[in-house]
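# What the coordinates show
Take a look at the letters that make up each chain.
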Amino acid sequence: MARRFTIKHPRTLRQRLLRGLVSAFIWLGAITLYYVVYSLFFDTPTEYVMKHSTDLLREEYGRLEARYDSLRLVADNITERDRNIFRMLFESDPYSLDEELHSLELSRYEELQGRSTYRLKRELGERTYEMEERLTELKNSYDKITQQIDSLGDQCNHIPAIQPVINPQLSLLTASYGMRIHPFFKTLKSHQGVDYTVPEGSRVFATADGKVKEISTRSTSGQSVVIDHGNGFETSYSHLGKINVQKGEQVRRGDIIALSGNSGLSLAPHLHYEVRNNGMRVDPIHYFFMELSPKEYKRIIRIAQSGMQSFD
């Protein structure tokens, strides 16, 4: 039997090839469409890992930031108390309130905005670690000073530590320690105390325990009282209207020793208050630490710096 050979027509091959290409394009389009739709609603494993990692990084950054703010608040509070005690006991220099601090902080903030998240996280971690070390040092220093204060016992009551008049709003202090314009001579003169503008008859308090050392009724300071507190501290209260104590009398912090007035060389009713340490007149503002918070302390300094006119 003779074998038969079947010859495929070229058009049939071409049609099959075309159908194959069309099918391939259809499958490719379907796969592409599936990938696009899947990407819109679902994350690929790589994307999921990246997003999850970003969320963890954001949470860690938030925790570090909150921790840093908390440590900074505690450290600043300890620093304020630490410096106040040093100033009282060891005559350290008072605070230097830099008026440019606010503008420097703003420029620093603008600089931080341009940094990457990774760099901010790294720097925040470093600063948090430094803050923890600083906090430990401050706490140790504060504990040492507290022990020294405890060892003084009742002697702490002999350190001037309150304002001599009732001044909860801090606004009664009108002239501070330093060079001020004299009310009568109109020239700059050293003003070695602080002036409180209070009505005549206002109560004047002893700012620490002590003994009345001197009472004066005839001088440019008008009626005045000097109290010796021991430990090298003395306080002076001038331009009084009435004196309630006698020379040699023992007084305690908070006792009413006099009523304010307008006696002596005085521009208007007020109280002139001085603190002396080992014979040297010092700024009384730094001796209100018992009744002022750090925020109030800064505020009363700014109030005092705003006035250039003394009343005596």
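Up top you'll find the structure we're talking about.
What comes next is a walk through the structure. Along every chain, residues carry numbers that run from 1 in the direction the sequence is written. Two thresholds apply to this predicted model, a pLDDT of at least 70 for residue-level local features and 80 or more for giving and counting side-chain atom pairs, whereas whole-chain, interface and lining totals are computed over all residues. In computing side-chain values, all of the structure's heavy atoms are included and hydrogens and water are not.

### Comments concerning the pairing of strand β7 (residues 223-230)
- As judged from the 5 bridges shared by strand β6 (residues 210-216) and β7, these two strands associate in the antiparallel manner. Among the inter-strand pairings, Val-212 is bridged to a residue of β7, identified as Ile-227.
- Strands qualify as paired when DSSP identifies two bridges or more between them. Only DSSP runs of H or I covering at least 4 residues are called helices, and only runs of E covering at least 2 are called strands; the numbering of each starts at the N terminus. In sequence, β6 turns back onto β7 through a hairpin of 6 residues, with Gly-222 there showing a positive phi of about 65 degrees.

### With respect to the packing of aromatic side chains
- Between 30 and 60 degrees the pair is tilted, below 30 it is stacked and above 60 it is edge-to-face, where a pair is any two Phe, Tyr or Trp rings, Trp via its six-membered ring, whose centres lie within 6.5 Å. Applying the stated criterion across every chain, the model contains 2 aromatic pairs.
- When the ring of Phe-233 is compared with that of Tyr-287, the centres are 5.7 Å apart and the planes differ by 70 degrees; the resulting orientation is edge-to-face. With Phe-233 in strand β8 (residues 233-243) and Tyr-287 in the loop between β12 (280-282) and α5 (294-305), this pair connects stretches of sequence that are 54 residues apart. Neither residue differs from the other here; Phe-233 and Tyr-287 are each classed as buried.
- Centroid distance Tyr-237 to Tyr-273: 5.3 Å. Interplanar angle 45 degrees. Geometry classified as tilted. Separated by 36 residues along the polypeptide, Tyr-237 in strand β8 and Tyr-273 in strand β11 (residues 271-277) bring together distant segments of the chain.
- Think of it in three bands: residues with accessible area under 20% of the maximum for their type are buried, residues over 50% are exposed, and the middle band is partly exposed, with areas taken using a 1.4 Å probe on protein chains only. By relative accessible area, which is 0% here, Tyr-273 ends up buried.

### Quick notes on the environment of Gly-125
- Along the polypeptide, Gly-125 turns up in helix α4 (residues 117-152).
- Looking at Gly-125, the relative accessible area reads 29%, which means it is partly exposed.
- Sequence separation between Gly-125 and Tyr-68 is 57 residues, and the spatial gap between their C-alpha atoms is 8.7 Å.

### What about the pattern of salt bridges?
- What makes a salt bridge here is a side-chain nitrogen of Lys or Arg within 4 Å of a carboxyl oxygen of Asp or Glu, nothing more. A complete count under the given rule lists 5 salt bridges for this structure.
- Note that Glu-274 is salt-bridged to Arg-276, the shortest N-O span being 3.4 Å. In terms of burial, Glu-274 and Arg-276 fall into one category: buried.
- If you follow the salt bridges from partner to partner, you end up with Lys-213, Glu-234, Glu-274, Arg-276 and Arg-281 in one network.

### Description of α5
- To estimate the expected span of a helix, count its residues, drop one, and scale the result by 1.5 Å. With 12 residues, α5 extends 17 Å between its outermost C-alpha atoms, agreeing within 8% with the 16 Å of an ideal straight helix rising 1.5 Å per residue.
- Inspection of α5 places Tyr-297, Ile-300, Ile-301 and Ala-304 among the buried residues, and these make up the whole buried set. Looking down the long axis of α5, one finds its buried residues gathered within 105 degrees of arc, a one-sided arrangement. The arc in question is the one traced by the directions running from the helix axis out to the C-beta atoms.

### Focus: the nonpolar core
- Only buried residues count toward a nonpolar core, which is a set of Ala, Val, Leu, Ile, Met, Phe, Trp, Tyr and Cys residues joined through side-chain atoms within 4.5 Å. The biggest cluster of nonpolar side chains holds 31 residues, and the ones touching the most others in it are Val-225, Tyr-237, Ile-257 and Ile-285.
- Counting residues per element, the ones that place at least two in this core are β4 (194-196), β7, β8, β10 (256-260), β11 and α5.
- It only takes one pair of heavy atoms within 4.5 Å for two residues to be counted as in contact. Contact partners of Ile-257, with chain neighbours within four places excluded, come to Val-204, Phe-205, Ala-206, Val-225, Ile-227, Tyr-237, Ile-243, Asn-244, Val-245 and Val-251.
- Leu-64, Leu-124, Met-131 and Leu-135 belong to the second-largest nonpolar core, a separate cluster that totals 6 residues.

### Notes on the pairing of β11
- Within β11, 7 of the 7 residues are buried, which leaves the element mostly enclosed by the surrounding structure.
- Covered by surrounding structure in β11 are Leu-271, Tyr-273, Val-275 and Asn-277 together with His-272, Glu-274 and Arg-276, the residues of both alternating faces.
- One ladder, built from 3 bridges, connects β4 with β11; its direction is antiparallel. Looking at β11, one finds that Val-194 is bridged to Tyr-273.
- Direction of pairing for β11 relative to β12: antiparallel, over a ladder of 3 bridges. Note on β12: the bridge partner recorded for Val-275 is Val-282.
- Hairpin connection of β11 to β12: 2 residues between the antiparallel strands, including Asn-278 at a positive phi of 55 degrees.

So yeah, pure geometry; function would need other evidence.
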